[in-house]
Every structure is written in structure tokens, then in C-alpha cells.
Amino acid sequence: MIANLLQASKNTVVFTGAGMSTESGVPDFRSAQGLWRGIDPRSLASIEALRDNTNDFVSFYSSRIRALQTVKPHRGYDVLTSWGKQGWLQSVITQNTDGLHEIAGNPQVIPIHGTIRELHCEACRNTYPEQRYLDEEVRCSCGGFIRPSVVLFGEMLDERALEAAEQAARQAELFIVLGSSLVVSPANWLPRIAREHSAKLVIVNEEPTPLDTLADYVIHGRKIGDVLQEAADKLGY
Ligand code: APR
């Protein structure tokens with residue numbers, strides 16, 4: 001089905017969530033083994049946690065950055081990169097901050113939640129490599145606190161990234177969601193915007209999502225890697 005839809009579409013946008021990375025060994029947030037299981041995300045991934053729970057904030061992000069050092073993008077990432085090169089895909093909007101689309105060589109990524117693969121100083125905005133968190137050095141030369149360049153709960157998304165994502169959603173003829181529970185806004189407005197601009201909406205997610213009733217096609221209970229491989233085999237790449 002996805003192969004046929006891709007062939008019929010002149011403007012296809014893929015929208016990925018944490019479910020895109022679980023087959024690379026990166027936990028998602030809200031499924032049974034997710035990072036937020038039994039944890040209030042605001043206690044670790046918010047601007048309040050950065051201020052009032054700094055030690056837990058640093059160890060939470062240091063452990064995620066450390067775990068990513070040995071993670072490789074799975075085959076599904078390579079399929080999306082190759083579809084981009086072949087012109088089957090116009091952009092990849094991602095909620096993920098693990099950098100795996102970029103590591104897979106995808107030039108079309110719009111990272112709307114920033115990245116944990118780069119750090120910056122809260123005070124002077126000086127940027128630092130992720131290595132600083134691996135070395136547990138959180139102080140900038142200016143004395144400010146160094147934090148990951150991720151959008152924390154309670155922070156606004158980068159305006160340019162959000163505008164680029166909204167533009168891509170408005171222009172899409174085909175909008176494919178891969179591995180998101182679609183519960184976090186404003187990211188979850190994007191499939192709606194695509195649908196309102198008469199895109200065909202496909203949701204590939206192991207579990208049901210609140211936007212399933214909006215979708216033209218829904219695939220539950222299957223792994224993204226298998227779904228993408230099957231479509232790639234049909235398309236010949
Ligand atoms: N194949 C298909 N679906 C999968 C797979 C897989 N291999 N692995 C996980 N999933 C599905 C899960 O069933 C789950 O519904 O992916 C979904 C991931 O949902 P979340 O964990 O909520 O992740 P996401 O939607 O990306 O979260 C959005 O929340 O915490 C914030 O900023 C964080 O960007 C994140 C945002």
C-alpha cells in the first residue's frame with residue numbers, strides 16, 4: 001500500500017517519532033518499555049527540572065547521550081534516505097532528538113524538537129559537543145550552565161523549524177507518520193494540517209493513536225522496519 005501511495009504522490013512528507021528508533025535499541029517514551037513509564041516527564045525533561053532538579057536532569061541526558069554512542073540507524077533509516085535521494089520523499093519532519101536521520105545521511109530532516117547530540121550554554125548560548133556531558137563538564141567558560149540543545153517541556157519550539165514543518169505539511173500530498181503516539185503538541189498538529197490541506201494521511205504505529213480516525217490508512221501491530229522494507233522491495237529501493 002505504501003509503495004503504491006508513494007508512486008502516486010508528487011509531494012510526500014514523513015513524520016517520525018520515537019518509534020522510529022526503537023529498532024536501533026533506543027527506548028521510546030510512552031510504550032510499555034518507554035522512558036516515561038512511571039515517570040513524570042516534567043521531572044526530568046523540563047525547564048523546571050533544569051533549574052530545580054539539575055543533578056537528575058544532567059544524569060538523565062548524560063545517560064541518553066552515552067547510550068547513543070553505540071547506536072546505529074537501522075535499515076528503515078537507510079530506506080528513507082534512499083527514497084529522499086530518488087525523489088520519492090520531499091522532507092522528513094522528526095520529533096526525535098537522537099540525530100539518527102542525519103547519521104543515516106538524510107539531507108531533508110526538519111528536527112522540530114532540537115537535538116541532544118549538541119549542547120549549548122544557557123547564559124551565553126556558546127555551543128559544545130555532546131562529549132562535554134560524557135565528561136560530566138556542565139560549566140561554560142562564562143560560568144553558565146551547559147545543557148542539551150533539545151526543546152524541553154515548557155519551552156517554545158524553534159520558530160523556523162516549526163514554520164518549515166508546517167509549510168511541508170501544507171504542501172504534502174501524502175503524509176506518513178512513523179512511530180509516534182501523537183499526544184504531544186504542537187507536533188501533533190502537523191498530521192492535522194496535512195489532512196486539512198487534503199493530503200492522504202498514513203499512520204504506522206504499533207499502538208492506536210488519537211489521530212487514527214483522521215487517517216486514510218492505519219497500520220498497527222507491525223514494526224516500522226518491516227513496513228519500510230516491504231515498500232522498498234516493491235519500489236526496487
Ligand atoms: N514500529 C512501530 N511503532 C513503534 C515501534 C516500532 N518498531 N516502536 C515503538 N512504536 C510506537 C509505540 O507504540 C508508541 O506509540 O511508537 C510510539 C512512540 O510514541 P512515544 O513514545 O510517545 O514517542 P513520541 O510520539 O515520539 O513522543 C513525542 O514526547 O517526550 C516527548 O519530546 C519527546 O519527541 C518526544 C515527544
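Since we're looking at a predicted model, the values are computed, not measured. (Residues numbered from 1 in each chain as written. Predicted model: local features only at pLDDT ≥ 70, side-chain atom pairs only at ≥ 80, totals over all residues. Heavy atoms only, no water.)

Engineer: Explanation requested: the overall build of the protein chain in the structure shown.
Structural biologist: The number of helices and strands found in the protein chain is 9 helices and 9 strands. The C-alpha radius of gyration computed for the protein chain amounts to 18 Å, which stays within 12% of the reference 18 Å derived for 237 residues, consistent with globular compactness. Summarising its shape, the C-alpha atoms of the protein chain cover approximately 55 × 35 × 30 Å along the three principal directions. Long-range contacts, defined here as pairs at least 24 residues apart, represent 64% of the contacts in the protein chain between residues at least 6 apart. Total accessible area on the protein chain is roughly 11,000 Å²; 50% of this is exposed by carbon and sulfur atoms. Within the protein chain, one finds 23 positive and 29 negative side-chain charges whose respective centroids are separated by 2 Å. (Helix = DSSP H or I, 4+ residues; strand = E, 2+ residues; numbered from the N terminus. Rg over C-alpha atoms; globule rule 2.2 N^0.38 Å. Contact = heavy atoms within 4.5 Å. Areas by Shrake-Rupley, 256 points an atom, 1.4 Å probe, with all protein chains shown as cover. Lys, Arg positive; Asp, Glu negative; His and termini not counted. Charge placed at Lys NZ, Arg CZ, Asp CG, Glu CD.)

Engineer: Can you help me understand the site of the ligand in this one?
Structural biologist: The full set close to the ligand counts 22 residues, and Phe-29, Arg-30, Ser-180, Ser-181 and Glu-207 are the nearest of them. Taking Gln-95, its main chain carries an N or O atom lying 3.2 Å from an oxygen atom of the ligand. Protein coverage of the free-state accessible area of the ligand, which is 740 Å², stands at 95%. The residue makeup of the shell around the ligand, split by class, is 6 nonpolar, 9 polar and 7 charged. (Near = heavy atom within 4 Å. Polar contact = N/O pair within 3.5 Å; in protein donor to acceptor, adjacent residues only side chain to side chain. Nonpolar A, V, L, I, M, F, W, Y, C, P; charged D, E, K, R; others polar.)

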